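Secondary and tertiary structure notes
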Amino acid sequence: MTEQFSVWLDLALNLYNSKNDSLTHGNNYTLIEGAFWARYRILRSEVSPYFFAGPGISYNEYRNTSVVLYDPTTGAGYIPINSYEVDFLMEGGLGIDMKLGGGLDTYLQGKLTYSFTSPAFADYASTDSPIMVVPLELGIIFGI
């Protein structure tokens, strides 16, 4: 919209393996998210810190990869989904971006994804409602 203010569509696929099977019962967690952000660059320079926030929707899923079931109809093996849910989410974060020239920017950001899962989502101690994920992301922006 302007050099400092922009609106983004963020799509992300997050895959997490179980690190503590006593808490997760050996399940792996998948979070697929889509969010609309309002992003504000603080400085009008080649390198600028920024912040962003916005609402979205998430698909949350638990699977136990140590269990493979057999489908006699297709003859294929598959890993069953133990629990899944679609929820609203909120995201926000801070970052720094640097203009590379030619319509390219690079960025490093930390964000908080707050997925409003129900308390009965997976019935494990590690999945209290809501689920919070805090990734550190590095990327390239292709200008239009």
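Summarised in this report is the structure supplied together with it. Note that the structure is predicted; figures quoted are calculated from it, not measured.

Before going further, it helps to spend a moment on the nonpolar core. Counting residues in each nonpolar core, the largest one holds eight residues, listed as W8, A35, W37, Y50, F52, L89, Y107 and I141. Put simply, the parts of the chain that give this core at least two residues each are β2 (27–41) and β3 (47–64). Excluding anything up to four places from it in sequence, A35 contacts W8, L9, D10, P55, G56, L89 and E91. In this structure, Y29, Y62, F121 and I131 belong to the second largest nonpolar core, which totals six residues.

Moving on, we come to the pattern of salt bridges. Pairing of side chains with opposite charge becomes possible as their charged atoms draw close. All chains considered together, the criterion is met by eight salt bridges. Residue K111 pairs with E91 through a salt bridge whose shortest N-O separation is 3.3 Å. Taken together, the residues span a long stretch of sequence, with K111 in strand β7 (residues 104–115) and E91 in strand β6 (residues 81–101) at a distance of 20 residues. Each of the two residues, K111 as well as E91, counts as buried. One network of salt bridges, with partners in common, ties together D10, E33, E91, K111 and E137.

The next subject is the packing of aromatic side chains. Applying the stated criterion across every chain yields a total of nine aromatic pairs. Look at Y50 and F52: their rings are 6.2 Å apart centre to centre, the planes differ by 35°, and that puts the pair in the tilted class. Comparing Y50 with F52 shows no difference in burial state: the two are buried. Chaining the aromatic ring pairs together yields one cluster made of W8, W37, Y50, F52 and Y107. The positively charged end of R39 is found above the aromatic ring belonging to Y50, 4.0 Å away from the centroid.

On to the side chain of N14. Here N14 lies in strand β1 (residues 5–16). Overall, the relative accessible area of 10% leaves N14 in the buried class. Among the polar contacts made by the side chain of N14, one reaches the side chain of E33 at a distance of 2.8 Å. The contacts of N14, once residues within four sequence positions are left out, are Y29, T30, L31 and E33.

Where β3 meets β6, 17 bridges bridge the pair, whose relative direction is antiparallel. Bridge pairing in β6 links E61 to Y84. In terms of strand pairing, β6 meets β7 through twelve bridges, oriented antiparallel. Looking at β7, one finds that M90 is bridged to Y114. Hairpin geometry of β6 and β7 is characterised by an intervening segment of two residues between the two adjacent antiparallel strands and by a positive phi of about 65° at G102.

To continue, consider the side chain of D10. When you line up the elements, D10 lands in strand β1. Ignoring sequence-local partners within four residues, the contact set of D10 consists of E33, G34, A35, W37, E91 and K111.

As a further point, take the environment of F52. Inspection of the secondary structure puts F52 in strand β3. Overall, the relative accessible area of 3% leaves F52 in the buried class. In this structure, the C-alpha to C-alpha distance between F52 and A38, residues 14 residues apart in sequence, is 5.5 Å. Once residues lying within four places of it in the same chain are set aside, the contact partners of F52 are W37, A38, R39, E91, G92, G93, L94, Q109, G110 and K111.

About the thresholds
- Residues numbered from 1 in each chain as written.
- Predicted model: local features only at pLDDT ≥ 70, side-chain atom pairs only at ≥ 80, totals over all residues.
- Heavy atoms only, no water.
- Core = buried A, V, L, I, M, F, W, Y, C linked by side-chain atoms within 4.5 Å.
- Buried < 20%, exposed > 50% of the residue type's maximum accessible area, 1.4 Å probe, protein only.
- Helix = DSSP H or I, 4+ residues; strand = E, 2+ residues; numbered from the N terminus.
- Contact = heavy atoms within 4.5 Å.
- Salt bridge = Lys/Arg side-chain N within 4 Å of Asp/Glu carboxyl O.
- Phe/Tyr/Trp six-rings, centres within 6.5 Å; stacked < 30°, edge-to-face > 60°.
- Lys NZ or Arg CZ within 6 Å of the ring centre and 35° of its normal.
- Polar contact = N/O pair within 3.5 Å; in protein donor to acceptor, adjacent residues only side chain to side chain.
- Pairing = 2+ DSSP bridges.

Just distances and angles here, no functional claims.
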